[in-house]
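Structural features, examined
Given next are the chains, with one letter for each unit.
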Amino acid sequence: GVGVWGSGQLLRYWIATGRGGTFDVLVDDLGGYPDNVSPDGDGGYYVSILADRSGAIDSVTQHEELKSLFLFDMVSPWVPLTWMNLYAHVKHYNSKGKLVEIIKDETGMIVGPMSGAYVHDGYLYGGSFLMPVLTKIGLYNGDMQVTCFA
């Protein structure tokens, strides 16, 4: 799967079979800005959502002149982050694009934004691009543990 930041879509890119080299829209509206996508091992995907949709960010991406200001560092690329409500937010979709589960900490008290989510041995591990933490979430019991790195 491939997350498209500007449109908030999840695309499925076909590598093999007769559809190799093509893509289709698996999820049309993720409800936020996707960061990383990882397979769940059963044909579905975990999508880490950087933030919920923002009218300010959406309006910037609609205007090529404004978008280029951010792309070429005339304005700090960190400025748009101040326009977003950042928190841990991961969505799990099955192979048909149906939402299976939402894992989130809207308070940001347990962990900040998760920029990646990876499954291993019954746990979902998440990292953050803003904070030196590794989050470990039990997929079957919901137990959440956070480890900080100095």
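Below is a summary of the structure that appears in this document. In every chain, residue numbers begin from 1 and rise along the written sequence. Local features are withheld for residues below a pLDDT of 70 in this predicted model, meaning they are given only at 70 or higher, and side-chain atom pairs are given and counted only at 80 or more; totals for whole chains, interfaces and linings count all residues. Each side-chain value is derived from all of the structure's non-hydrogen atoms; neither hydrogens nor water enter the calculation.

1. Concerning the overall build of the chain
Runs of H or I in DSSP of at least four residues are treated as helices and runs of E of at least two as strands, each being numbered from the N terminus. Along the backbone of the chain there are two helices and 11 strands. The N-to-C order of helical and strand elements in the chain reads β-β-β-β-β-α-α-β-β-β-β-β-β. By the burial criterion, 36% of the 150 residues in the chain qualify as buried. If you take every contact in the chain between residues at least 6 apart in sequence, the share linking residues at least 24 apart comes to 41%. For each residue, the accessible area found with a 1.4 Å probe, counting protein chains only, is set against the maximum for its type, and the residue is called buried under 20%, exposed over 50%, and partly exposed in between. Residue contacts are defined here by distance: any two heavy atoms, one from each residue, within 4.5 Å place the two residues in contact.

2. Quick notes on the pairing of strand β9 (residues 123-127)
Because side chains alternate across β9, one face comprises the buried residues L124 and G126, and the other comprises Y123, Y125 and G127, none of which is buried. Any two strands between which DSSP finds at least two bridges are classified as paired. With five bridges connecting them, strand β8 (residues 116-120) and β9 associate as antiparallel partners. What sits directly across from H120, in β9, is Y123. Linking two consecutive strands that pair antiparallel, namely β8 and β9, is a turn of two residues; a positive phi of about 50 degrees is found at D121 within it. Pairing geometry for β9 and strand β10 (residues 133-138), over five bridges, is antiparallel. Bridge pairing links Y125 to K136 in β10.

3. With respect to the pattern of salt bridges
In the sections that follow, a salt bridge refers to a side-chain nitrogen of Lys or Arg positioned within 4 Å of a carboxyl oxygen of Asp or Glu. Applying the stated criterion across every chain yields a total of two salt bridges. Here D24 makes a salt bridge to R12, at a shortest N to O gap of 3.3 Å. In this pair, D24 is assigned in strand β3 (residues 23-27) and R12 in strand β2 (residues 9-13), connecting sequence segments 12 residues apart. For the pair formed by D24 and R12, the shared burial category is buried. The salt bridge partner of R19 is D24, with a shortest N-O separation of 3.5 Å. Owing to a relative accessible area of 18%, D24 belongs among the buried residues under this scheme. Among the charged side chains, a network of salt bridges with common partners joins R12, R19 and D24.

In short, shape yes, function no, at least from these values alone.
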